[in-house]
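Fold and contact review
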Amino acid sequence: MGGTQSLALPLGKGPHLVGCTDVMVGHTRQGLFLRLFYPCLPRAGAERPLWIPRYEYCGGLADFAHRSRRWCAPLLSVTVGKGAASIPSPILGAPPSPGHPLPQRGSRTPSPSHPCSGELGGRDGAEQGLAAAAAPRSSTLVPSPASSWGFLFPAGSCRVPVSWNGPFKPCSSGYPLIIFSHGLGAFRTLYSSVCSELASWGFAVAALEHRDRSASMTYFCTAEAGREEWIPYRRVPQGQKEFYFRNKQVHQRAEECVRALRLFADIGSGKSVPNVLHQDFDLSVLKDSVDLTKVAVMGHSFGGVTAVLALVKEPSFRCAVALDAWMFPLENALYSAVPKPVLFINTEKFQTPESVAKMKRLSSRNSQTKIITILGSVHQSQTDFTFLTGKLISRILGMRGALDPHKALDITSRAALAFLQRHLNLEEELDQWDNLLEGVGDSVVPEAPFCRSNL
């Protein structure tokens, strides 16, 4: 699989430059961890954060995908490298390297380059690379950002094209806020492309890292000498029905979305909110620059149904955007309780008639709930992975559909922006893409052209 390809996450197309920072509050699992994307001011020599911020996340992805950490370690080093913009496609089956053992799970004391003192990306870790693999099949449709990963992919440039801790751009009218929920096996950085795109159009986007053990790996900083406690992904216990296990998780996730909103309310009220990570970013600058009357919740896959449930739990969320939502974990009794409109943006190859029928239960009760499908797209088309794999490997491993990933992102973000303008009563001219909400446009159709799911 030779050839050299330039692979990188795309820049936002909106009128604003984008900055980002990490925010962790609390010293227990009941705290919050998120990456905030926001409009920022230009800064000379701005540093770009690593896409995979810590080496431990690579091990978590390997475990989630049923792959050996021992074999993944050298592959990580080969595939991601040190943020090179162009690398040759890798060869499968590279020998293990003794030089970079993956860390063990559990608590540890961070090294100077690791938080809990601030996180740019763990140069001794994440720069070693990333490997992933196909997730196990289930009797039910079980999606995730990793659900169709290949064992190996060339990650190209593995820095996010935003300004790390960039100077916040004040906004007297306040930026609307989006709380974003990741999918099964993912974490806060794997949707940087869509989050930074929305931020470039004038949104503050808080991408959560859930602690319900649906993330492939996450952590919190304990109060004891700044030690870290790592929380790995947990599979459905043997003998337990998946619905009950996932239903409990989705409720915890939705509650975390609500708590994230309350965190911004605390900041807006002038409360001091200590960031455990001690970032070079003062959260108080957000006061009076985030409009908490214009708040939406958004997510992909497991995060999509999390967004729907969050509407039930928190009336301040005015609408939800669900990217290829995995509807399975939501109990039937709650469909009638969803009070606000939802935009379902589906991919062509993932959804089933049964799943879309659940979405239609919501659209039949609310004419403002919309369902559209992006033709030529797959489940991974709404994650960063679609940009960081070579075209041939992507198609073989199901990480990229026939539609160009940049075009798929354009359709996703523009439809979301039009929907958000409509339901958050924004003054920008984002309604220019209203036709997408009716499934009118190139590579988009209303509802779903049912085809057999590839999962």
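Residues numbered from 1 in each chain as written. Predicted model: local features only at pLDDT ≥ 70, side-chain atom pairs only at ≥ 80, totals over all residues. Heavy atoms only, no water.

1. Looking at the packing of helix α3 (residues 192-200) against helix α8 (residues 405-424)
Direction vectors running N to C along α3 and α8 enclose 45°, while the axes themselves pass 10 Å from each other. The orientation of α3 with respect to α8, classified from their angle, is oblique. Of the two elements, α3 crosses α8, and the hand of that crossing is right-handed. Of the residues in α8, those in contact with Ser193, Val194, Glu197 and Leu198 of α3 are Leu409, Ser413 and Leu417. (Axes fitted to C-alpha atoms, helices over the stretch in contact; angles between N-to-C directions. Helix = DSSP H or I, 4+ residues; strand = E, 2+ residues; numbered from the N terminus. Parallel < 35°, antiparallel > 145°, perpendicular 65-115°, else oblique. Left-handed = near helix turned anticlockwise from the far one by under 90°. Contact = heavy atoms within 4.5 Å.)

2. Notes on the sheet that holds strand β14 (residues 370-374)
Strand order in the open sheet made by the ten strands is β6-β2-β3-β8-β7-β11-β12-β13-β14-β15, with mixed pairing throughout. On the outer flanks of this sheet lie β6 (163-164) and β15 (444-446), each paired with one strand and no other. As paired elements, strand β2 (residues 17-25) and β6 share two bridges and run parallel to each other. By the bridge assignment for β6, Gly19 is matched with Ser163. Across the sheet, helix α5 (residues 302-313) touches β7 (175-181), β11 (290-300), β12 (317-323) and β13 (342-347), and the angle it forms with β11 is around 140°. (Pairing = 2+ DSSP bridges.)

3. Some remarks on the pattern of salt bridges
If the charged atoms of two oppositely charged side chains come close together, the side chains can form a pair. A full pass over the atoms with the stated rule returns 16 salt bridges. Taking the shortest distance from any N to any O, the salt bridge between Arg188 and Asp22 comes out at 2.9 Å. Of this pair, Arg188 sits in the loop between β7 and α3 while Asp22 sits in strand β2, and the two are 166 residues apart along the sequence. Asp22 matches Arg188 in its accessibility class, with the two residues each being buried. Salt-bridge contacts for Arg246 lead to Glu242; the nearest nitrogen and oxygen are separated by 3.5 Å. With a gap of four residues between them, Arg246 and Glu242 both fall in helix α4 (residues 242-268), about one helical turn apart. Taken individually, Arg246 and Glu242 each receive the classification buried, so the pair is uniform in this respect. Bridged by salt links that share partners, the residues Asp22, Arg35, Arg188 and Glu209 form one connected network. (Salt bridge = Lys/Arg side-chain N within 4 Å of Asp/Glu carboxyl O. Buried < 20%, exposed > 50% of the residue type's maximum accessible area, 1.4 Å probe, protein only.)

4. Digging into the packing of aromatic side chains
Summed over all chains, the structure comprises 15 aromatic pairs. A centroid spacing of 4.9 Å and a plane angle of 40° characterise the contact between Tyr38 and Phe281, whose relative ring orientation is tilted. Of this pair, Tyr38 sits in strand β3 (residues 32-40) while Phe281 is found in the loop between α4 and β11, placing the two residues 243 residues apart along the sequence. On the basis of relative accessible area, Phe281 is assigned to the buried category, the value being 9%. Measuring from ring centre to ring centre gives 5.7 Å for Phe168 and Tyr175, while their planes differ by 85°; the resulting arrangement is edge-to-face. Each member of the pair Phe168 and Tyr175 is classed as buried. Sitting over the face of the ring of Phe302, Arg253 holds its NZ or CZ atom 4.3 Å from the ring centroid. Across from the ring centre of Tyr335, 4.4 Å away, lies the NZ or CZ of Arg361, which sits over that ring. (Phe/Tyr/Trp six-rings, centres within 6.5 Å; stacked < 30°, edge-to-face > 60°. Lys NZ or Arg CZ within 6 Å of the ring centre and 35° of its normal.)

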